[in-house]
Amino acid sequence: MHPILLLLIGLTVLTSFKGFNDISFFRKYEFHIGSIRAGENIRMFSSAFLHADWGHFFFNMFTLYMFAPVVINYMDSFSFLVIYFGSLIFGSLLTLLFHKDDYSYRAIGASGAVTGVLYSAILLNPDMNLYLFFIPIPIPAYIFGIGYLLYSIYGMKAKNDNIGHTAHFGGAIGGYLITILKQPEMLTENTFIVVLLAIPIVLLFVMAKSGKL
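Notes on the structure in this doc start here. (Residues numbered from 1 in each chain as written. Predicted model: local features only at pLDDT ≥ 70, side-chain atom pairs only at ≥ 80, totals over all residues. Heavy atoms only, no water.)

Moving on, we come to the overall build of the chain. A tally of helices and strands in the chain yields eleven helices and four strands. Against the compact-globule benchmark of 17 Å for 213 residues, the chain has a radius of gyration of 17 Å, which places it among compact chains. Seen along its three principal axes, the alpha-carbon backbone of the chain occupies a region of about 50 × 45 × 35 Å. Long-range contacts, defined as pairs at least 24 residues apart, comprise 74% of the intrachain contacts of the chain with a sequence gap of at least 6. (Helix = DSSP H or I, 4+ residues; strand = E, 2+ residues; numbered from the N terminus. Rg over C-alpha atoms; globule rule 2.2 N^0.38 Å. Contact = heavy atoms within 4.5 Å.)

With that settled, the discussion passes to the environment of Ser-92. For Ser-92, the location among the structural elements is in helix α6 (residues 77–99). Judged by its relative accessible area of 7%, Ser-92 is buried. Sequence separation between Ser-92 and His-168 is 76 residues, and the spatial gap between their C-alpha atoms is 9.3 Å. Once residues lying within four places of it in the same chain are set aside, the contact partners of Ser-92 are Phe-31 and Met-44. (Buried < 20%, exposed > 50% of the residue type's maximum accessible area, 1.4 Å probe, protein only.)

We now examine the packing of helix α1 (residues 3–21) against helix α5 (residues 54–74). For the pair α1 and α5, interaxial distance at closest approach is 11 Å and the crossing angle is 170°. The angle between α1 and α5 places the two elements in the roughly antiparallel class. Of the residues in α5, those in contact with Leu-5, Leu-8, Ile-9, Thr-12, Val-13, Ser-16, Phe-17 and Phe-20 of α1 are Trp-54, Phe-57, Met-61, Leu-64, Tyr-65, Ala-68 and Pro-69. Residues of the contact of α1 with α5, tallied by class, amount to 13 nonpolar, two polar and no charged. (Axes fitted to C-alpha atoms, helices over the stretch in contact; angles between N-to-C directions. Parallel < 35°, antiparallel > 145°, perpendicular 65-115°, else oblique. Nonpolar A, V, L, I, M, F, W, Y, C, P; charged D, E, K, R; others polar.)

Where helix α7 (residues 111–124) meets helix α11 (residues 191–209), the closest approach of the two axes is 10 Å, and the angle between their N-to-C directions is 150°. Considering the angle they form, α7 stands roughly antiparallel to α11. In the packing of α7 onto α11, the handedness of the crossing is right-handed. Judged by residue contacts, Tyr-119, Ile-122 and Leu-123 of α7 engage Ile-193, Val-194, Leu-197, Pro-200 and Ile-201 from α11. Along the lines of polarity and charge, the residues of the contact of α7 with α11 split into eight nonpolar, no polar and no charged. (Left-handed = near helix turned anticlockwise from the far one by under 90°.)

Once that is clear, we can look at the nonpolar core. By size, the foremost hydrophobic cluster in this structure holds 51 residues, and its most contacted members are Leu-64, Phe-80, Tyr-84, Val-117, Phe-169 and Tyr-176. Broken down by element, the residue count for this core peaks at nine residues, all from α7. Contacts of Leu-64, omitting those with residues within four sequence positions, involve Leu-5, Leu-8, Ile-9, Pro-69, Phe-80, Tyr-84, Val-114 and Val-117. Grouped together as the second largest cluster of nonpolar side chains are five residues, Ile-33, Ile-36, Met-44 and Tyr-105 included. (Core = buried A, V, L, I, M, F, W, Y, C linked by side-chain atoms within 4.5 Å.)

So, about the pattern of salt bridges. Applying the stated criterion to the full structure yields five salt bridges. Glu-30 is paired through a salt bridge with Arg-27; the nearest N and O atoms lie 3.0 Å apart. Accessibility expressed as a relative area gives 2% for Glu-30, which makes it buried. With a relative accessible area of 39%, Arg-27 lands in the partly exposed category. Where Glu-30 meets Arg-106, a salt bridge forms, and the shortest distance between an N and an O atom there is 2.2 Å. Taken as a pair, Glu-30 in the loop between α2 (23–29) and β1 (31–32) and Arg-106 in strand β2 (residues 106–107) lie far apart in primary sequence, 76 residues in all. (Salt bridge = Lys/Arg side-chain N within 4 Å of Asp/Glu carboxyl O.)

Interpretation note: all reported values are geometric properties and have no functional meaning in isolation.
Following this line, the structure appears as structure tokens:
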């Protein structure tokens, strides 16, 4: 495992474990709209280092472990960190934008940052195949990425679970934009995939603008 990735996962282990056992620490650093609008902006960053339980933590870190090496290998460790933390902030900003009037809204987890890394990895290597537990055949990465964001739009609209779909989507936008900014040649070399992965992002903002979210 790359040292940067190991350090990031290790730090998240420590802070998540602290949050499991210290409710005041958890409440102080979770994403909470009311507190953020009162000026506690650190929560937009710190909430990504907290998780609900070990299952939540493992799912996020396992996904990061699987896709971070793709970003590091195609780019470098610094670019990976820029994408990770940039996606984290994008996820928090989009969540704040969509839930700014819901002062009781709370969220935790690295899902936004991890989704940004996932989307970046798909852009960088769209030909890789993914295997899901419940589907016995390989799925092209770009199909999975598009499907995942369409599902996130559905989750944002339905509001029938406790998953932070908005943070996932914001993270994906962050990973998408930062990756293209760092490797603009993919706009001409891989135009089809770039456009294809932009479809759910455009759809999100069209639906938001028309009041359908």
